[in-house]
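# Per-entry structural report
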Amino acid sequence: MSRKSTSGRITRATAIALFAGTCLIGASGCQVGINGQTLPSPYYLQDDVQYFPSGPEFKLSREAAALKAARAQEKQSRN
């Protein structure tokens, strides 16, 4: 074997490996962070959407009801 054909095979194998690696990375479909931005995967349009219904506007409704009941009980016990 000549030296020229061996280096040509190594160069060709390296180019094929780099191309295959680039294709695998590009096809993986994971999130990417570029310049401080988190970009979605290319398959985000086919992703299942999860729906979380909105809760009460006032988040402390149980606590407010308990305080109101405690105040009413305290006022009733004073009378």
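Up top is the structure.
The structure presented is a predicted model; accordingly, all values stated were derived computationally and were not measured.

## Let's talk about the overall build of the protein chain
- Scanning the protein chain for helices and strands turns up two helices and two strands.
- Along the protein chain, helices (α) and strands (β) appear in the sequence α-β-β-α when read from the amino end.
- By residue count, 3% of the 79 residues in the protein chain fall in the buried class.
- Summed over its atoms, the accessible surface of the protein chain is roughly 7900 Å², and 59% of this surface lies on carbon and sulfur atoms.

## Some remarks on the pattern of salt bridges
- Tallied over the full model, the rule gives one salt bridge.
- Taking the shortest distance from any N to any O, the salt bridge between arginine 78 and glutamate 74 comes out at 2.8 Å. Placement of the pair is arginine 78 and glutamate 74 together in helix H2 (residues 61-78), with a separation of four residues, close to one helical turn.
- The class of arginine 78 is exposed, set by a relative accessible area of 65%.

Rules used in this analysis
- Residues numbered from 1 in each chain as written.
- Predicted model: local features only at pLDDT ≥ 70, side-chain atom pairs only at ≥ 80, totals over all residues.
- Heavy atoms only, no water.
- Helix = DSSP H or I, 4+ residues; strand = E, 2+ residues; numbered from the N terminus.
- Buried < 20%, exposed > 50% of the residue type's maximum accessible area, 1.4 Å probe, protein only.
- Areas by Shrake-Rupley, 256 points an atom, 1.4 Å probe, with all protein chains shown as cover.
- Salt bridge = Lys/Arg side-chain N within 4 Å of Asp/Glu carboxyl O.

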